[in-house]
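An overview of the molecular structure
Listed here are the chains, written in short residue letters.
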There are 2 protein chains.
Amino acid sequence: MVGPEIERLIQLLSRLPGLGPRSARRAALHLVEKREVLLQPLAQAMADAAEKVKTCSVCGNFDSLDPCAICRDERRDGSVLCVVEDVGALWAMERTGAFRGRYHVLGGLLSALDGVGPEELGVARLVERAQGVEVTEIILATPATVEGQTTAHYIADRLGSAGVTVSGLAHGVPVGGELDYLDDGTISAALRARRAF
Amino acid sequence: MVGPEIERLIQLLSRLPGLGPRSARRAALHLVEKREVLLQPLAQAMADAAEKVKTCSVCGNFDSLDPCAICRDERRDGSVLCVVEDVGALWAMERTGAFRGRYHVLGGLLSALDGVGPEELGVARLVERAQGVEVTEIILATPATVEGQTTAHYIADRLGSAGVTVSGLAHGVPVGGELDYLDDGTISAALRARRAF
């Protein structure tokens, strides 16, 4: 009914996170309506990204440079590595502006069910980086889920012999969070980690 | 922080309906992660659509053919024209499979505020089509909003001399609709248009 080009566009758009079949149809229509100002530039931007964006061979970040801009940046502290699950977590960390060290992207979490072991995550590569002369601290910033914490514990074990400080993100009450809406685990963790006022 | 290619991708994606800045970021990340299976095909599909999809010079539908597949389809009834606001409405009508005539896409609705007059909608072109030997009925399927109905009334007036039957979609209770959740206007309309059981 809509022609093969639009049909294919809808089908591919519906595979983006956050777009179902209905919103993919609406997005495709919007794109065709704004052919010059949106569809053509977006096609070009996607082709550019597909061609130029690579995975950084040092930390696993996405960038058109390899090593990536963060690994190249001399002003960043090479003595602290922050271990994150994926590039989305790296972006989230960067948005805070609170971390000035470098990263190590695992590309997933340990999962026996999904067949993801230490080899798939390149843990050996991380241990190797941690043994570098410059590195003094590894911050494990995997998510506070069962898989995230299992992965963090495993990596902490493996780093035992690397002679670096291993730390993890603090658990506690989110900024702006009301106790009434928080789960018991978070409140207990915040209570145990209480600090002098 | 994310490199110019990804930055541009996020910025353009966030202009799609249904994607805010946050979901555009997630979509861009997903695209870069699935470079081969999603990003490249989507870039290609968009370039194809930008190059091939045209506006049908007869009815205003989008298709790679001009006249479009619907206007070319000999099995469709050329004696009935359905007037719709935009191609989205045409797609919605086609999904029902209940209409086997042809279309006329206005490309908008009359709006004094937005400076959209009969010239912008090409009403003269519709009147011309209606005067064709084959056409016997015009169905006005503009939306049941104030602007949609104003547009329908204006077009019905202009078609007065064309010697065709002019009809509009029925108002009534949506299929599956409960009276308790319906507005008064719809219930009144359904009551006035009641039919023998």
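As the structure is a computational prediction, the values presented were derived from the model and not from experiment. (Residues numbered from 1 in each chain as written. Chains lettered and ligands numbered in written order. Predicted model: local features only at pLDDT ≥ 70, side-chain atom pairs only at ≥ 80, totals over all residues. Heavy atoms only, no water.)

1. Focus: the packing of aromatic side chains
All names here are of chain A. Under the definition given, this model contains 2 aromatic pairs over all chains. Taking the centre distance of 5.2 Å and the plane angle of 65° together, the rings of phenylalanine 99 and tyrosine 103 count as edge-to-face. Exposure remark for phenylalanine 99: the relative accessible area of 11% places this residue in the buried category. Assessed through its relative accessible area of 0%, tyrosine 103 is described here as buried. (Phe/Tyr/Trp six-rings, centres within 6.5 Å; stacked < 30°, edge-to-face > 60°. Buried < 20%, exposed > 50% of the residue type's maximum accessible area, 1.4 Å probe, protein only.)

2. Some details on the interface of chain A and chain B
At the interface, 49 residues of chain A touch 49 residues of chain B. Together, the buried faces of chain A and chain B total about 4700 Å²; carbon and sulfur atoms form 75% of this surface. Applying the counting criterion to the chain A and chain B interface returns 0 salt bridges. Remark: the boundary between chain A and chain B carries 4 residue pairs in polar contact (both at pLDDT 80 or more). Top contributing element to the side of chain A that touches chain B by residue count: helix α3 (residues 35-52) of chain A, with 15 residues. (Contact = heavy atoms within 4.5 Å. Buried area = accessible area lost by both parts, 1.4 Å probe. Salt bridge = Lys/Arg side-chain N within 4 Å of Asp/Glu carboxyl O. Polar contact = N/O pair within 3.5 Å; in protein donor to acceptor, adjacent residues only side chain to side chain. Helix = DSSP H or I, 4+ residues; strand = E, 2+ residues; numbered from the N terminus.)

3. A word on the sheet that holds strand β5 (residues 137-140) of chain A
All names here are of chain A. An order of β4-β3-β5-β6 is seen for the 4 strands of this open sheet, with the pairing classed as parallel. Where the open sheet ends on each side, the last strands, each with one partner, are β4 (101-105) and β6 (165-168). Each adjacent strand pair in this sheet contributes to an overall mean axis angle of 25°, direction not counted. Docked against the sheet, helix α7 (residues 123-130) engages β3 (77-84), β4 and β5, running at close to 160° with respect to β4. (Pairing = 2+ DSSP bridges. Axes fitted to C-alpha atoms, helices over the stretch in contact; angles between N-to-C directions.)

4. Describing the relation of the copies chain A and chain B
Both copies of the chain are related through a single rotation about an axis accompanied by a shift along the same axis. Once turned by 180° and shifted 0.0 Å along the axis, chain A lies on chain B with an RMSD of 0.1 Å. Seen this way, the second copy is the image of the first under a two-fold rotation axis. If distances are taken from each C-alpha of chain A to the rotation axis, the shortest is found for A:Ala43, at 2.4 Å. By residue overlap, the copies meet face to face through one surface: 100% of the interface positions of chain A are interface positions in chain B. (Least-squares fit on C-alpha atoms with pLDDT ≥ 70 in both.)

5. Focus on the nonpolar core
The biggest cluster of nonpolar side chains holds 82 residues, and the ones touching the most others in it are A:Leu9, A:Leu13, A:Met46, B:Leu13 and B:Met46. If we skip the residues at most four places from it in the chain, B:Leu13 touches A:Leu42, A:Met46, B:Leu19, B:Ala24, B:Ala27, B:Ala28 and B:Leu31. (Core = buried A, V, L, I, M, F, W, Y, C linked by side-chain atoms within 4.5 Å.)

6. Focus: the sheet that holds strand β4 (residues 101-105) of chain B
Residues and elements named next belong to chain B. Strand order in the open sheet formed by 4 strands is β4-β3-β5-β6, with parallel pairing between adjacent strands. Strand pairing shows two members of the sheet lacking a second neighbour, β4 and β6 (165-168), which therefore form its edges. Averaged over neighbouring strand pairs, the angle between their axes works out to 25° when direction is ignored. Here strand β5 (residues 137-140) pairs with β6 via 4 bridges, running parallel. Paired with leucine 140 across the two strands is glycine 168, which belongs to β6. Of the strands in this sheet, β3 (77-84) and β4 are in contact with helix α5 (residues 87-96), which crosses β4 at around 160°.

7. Some points on the pairing of β3(B)
Residue and element names in this part refer to chain B. Across the 8 residues that make up β3, a large majority, 7, are buried. Bridging between β3 and β4 involves 5 bridges; their strand directions are parallel. Residue pairing for β4: aspartate 77 is matched across the bridge by glycine 101. Handedness of the β3-α5-β4 crossover: right-handed. Pairing between β3 and β5: 4 bridges, direction parallel. Looking at β5, one finds that leucine 81 is bridged to isoleucine 138. (Right-handed = clockwise from strand over helix to strand, strands pointing away.)

8. Looking at the packing of α3(A) against helix α3 (residues 35-52) of chain B
Between α3(A) and α3(B), the least distance of the axes is 8 Å, while the angle of their chain directions is 150°. Here the hand of the crossing between α3(A) and α3(B) comes out left-handed. From α3(A), A:Arg35, A:Leu39, A:Gln40, A:Leu42, A:Ala43, A:Met46, A:Ala47, A:Ala49 and A:Ala50 reach across to α3(B), where they touch B:Arg35, B:Leu39, B:Gln40, B:Leu42, B:Ala43, B:Met46, B:Ala47, B:Ala49 and B:Ala50. A breakdown of the residues in the contact of α3(A) with α3(B) according to their chemical character gives 14 nonpolar, 2 polar and 2 charged. (Left-handed = near helix turned anticlockwise from the far one by under 90°. Nonpolar A, V, L, I, M, F, W, Y, C, P; charged D, E, K, R; others polar.)

9. Brief notes about a nonpolar patch on the surface
A contiguous nonpolar surface patch, about 230 Å² in accessible area, is contributed by A:Val173, A:Leu179 and A:Ile187. Here A:Ile187 falls in the partly exposed class, since its relative accessible area comes to 30%. (Patch = residues over 30% accessible without salt bridge, like charges linked within 9 Å, V, L, I, M, F, W, Y side chains within 5 Å. Areas by Shrake-Rupley, 256 points an atom, 1.4 Å probe, with all protein chains shown as cover.)

10. A short note on the side chain of B:Thr142
Relative to the helices and strands, B:Thr142 resides in the loop between β5 and α8 (146-158). Reaching out from B:Thr142, the side chain makes a polar contact with the backbone oxygen of B:Gly148 at a distance of 2.9 Å.

11. Notes on the side chain of B:Arg102
Residues and elements named next belong to chain B. Relative to the assigned elements, arginine 102 resides in strand β4. Nearest to the buried, unbridged arginine 102 among oppositely charged side chains is glutamate 134, at 4.5 Å. Engagement of the side chain of arginine 102 in a polar contact is seen with the backbone oxygen of cysteine 71, the distance being 3.4 Å. Those residues in contact with arginine 102 that lie beyond four places of it in its chain are Ile70, Cys71, Asp73, Glu74, Arg76, Asp77, Gly78, Val80, Leu81, Cys82, Arg129 and Glu134. (Lys, Arg positive; Asp, Glu negative; His and termini not counted.)

12. Some points on the domain arrangement of chain A
Split into domains, chain A comes out as domain 1 (4-52) and domain 2 (76-168). For domain 1 of chain A versus domain 2 of chain A, the distance between C-alpha centres works out to 35 Å. (Domains from an automatic or database assignment.)

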